[in-house]
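# Working through the structure, step by step
Here's the letter readout for the chains.
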Amino acid sequence: MIFMRTIFLAIIASSAALASSALLFLPGHHPNPAPTHLVNTLKGEKLNAHGEYSVTPKVFKVEHSEASWKKMLGPARFEILRKAGTEEAFTGKLLNEHGYGVFVCAACGQPLFKSTTKFDSGTGWPSFWKALPGAVIERPDDSLGMERTEVICSRCGSHLGHVFDDGPNPTGLRYCMNSLALKFHPEKKPHSVKQAKR
Ligand SMILES: [Zn+2]
């Protein structure tokens, strides 16, 4: 009797192990869905049983129909911002923009990056080591057979680029942005503290 019970338990245990290992091979299952440095999660975005993100419609402050976006942005910006495209390296107008100011979302105008956080990464795309607080949402992107972290605008959901963890100090992050996803707004450089006291 005890022997039978042992066999029974062994069968239960092995079928449980089989079930959990089978889960790893289910289509769409992502064993490690969220990189640790994610700064924001998308409001209303939830992981479903398959480890995929499902987005509830109407989560962004700025939303338009696809046709309206296309009309507003023009074909090149539309392809990047609304279709998650990538511009060719070293072609972007803002790659060599070194002025003082702020880089805003080309789709909705939300300020995204300060010029003081821009650096030359040598990749051919405008690169920043930090985004403005709450300006972007980061989420896993498994497209093209690569595990990357996509960066989207938190106000309109437009695709901006990707973030990697091989950036410079102090964050160690590299926000690799499409120049066409951004617009530059020059600002007057503030006086230093010493000058302001005079
Ligand atoms: Zn935007």
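See the structure above.
Heads up: these notes are all about the structure in this document. (Residues numbered from 1 in each chain as written. Predicted model: local features only at pLDDT ≥ 70, side-chain atom pairs only at ≥ 80, totals over all residues.)

## Some words on the overall build of the protein
The number of helices and strands found in the protein is three helices and eleven strands. Along the protein, helices and strands appear, N-terminal first, in the series α-β-β-α-β-β-β-β-β-β-β-β-β-α. Across the 198 residues that make up the protein, the buried fraction comes to 24%. The contacts in the protein between residues at least 6 apart in sequence include a share of 54% that link residues at least 24 apart. (Helix = DSSP H or I, 4+ residues; strand = E, 2+ residues; numbered from the N terminus. Buried ≥ 20, exposed ≤ 12 C-beta atoms within 10 Å, placed from the backbone. Contact = placed C-beta atoms within 7 Å.)

## Thoughts on helix α2 (residues 66-81)
Spanning 16 residues, α2 covers only 11 Å between terminal C-alpha atoms, well under the ideal 22 Å at 1.5 Å per step. Remark: the principal bend of α2, roughly 120°, maps to Gly74, with a proline, Pro75, within the next four residues. Within the span of α2, buried status applies to Leu73, Arg77, Ile80 and Leu81. (Expected span 1.5 Å × (residues − 1). Bend = angle between axes of the 7 residues up to and from the residue.)

## Quick notes on unusual backbone geometry
Here the amide bond leading from Asn169 into Pro170 is cis, since omega sits at 5°, within 30 degrees of zero. For Pro170, the position within the fold is in the loop between β9 (159-164) and β10 (174-177). Unlike most non-glycine residues, Phe90 shows phi in positive territory, near 65°. Residue placement: Phe90 occurs in the loop between α2 and β3 (101-105). One non-glycine residue, Leu144, adopts positive backbone phi at about 55°. Inspection of the secondary structure puts Leu144 in the loop between β7 (136-141) and β8 (148-153). In this structure Leu144 comes out as exposed when scored by C-beta crowding, with 7 C-beta atoms within 10 Å.

## Looking at the nonpolar core
Counting residues in hydrophobic clusters, the biggest one holds 29 residues, and the most contacted among them are Leu112, Val136, Tyr175, Met177 and Ala181. Looking at this core, the elements with two or more residues in it are α2, β3, β4 (111-114), β7, β8, β9 and β10. (Core = buried A, V, L, I, M, F, W, Y, C linked by C-beta atoms within 7 Å.)

## Some remarks on the sheet that holds β4
Ordered by their spatial adjacency, three strands build an open sheet running β4-β3-β11, and the pairing between neighbours is antiparallel. The sheet terminates laterally at β4 and β11 (182-186), the two strands that pair on one side only. Between one strand axis and the next, the sheet turns through 30° on average, direction left out of account. Sheet analysis places β3 next to β4, joined by three bridges and oriented antiparallel. Of the residues in β4, the one forming a bridge with Phe103 is Phe113. (Pairing = 2+ DSSP bridges. Axes fitted to C-alpha atoms, helices over the stretch in contact; angles between N-to-C directions.)

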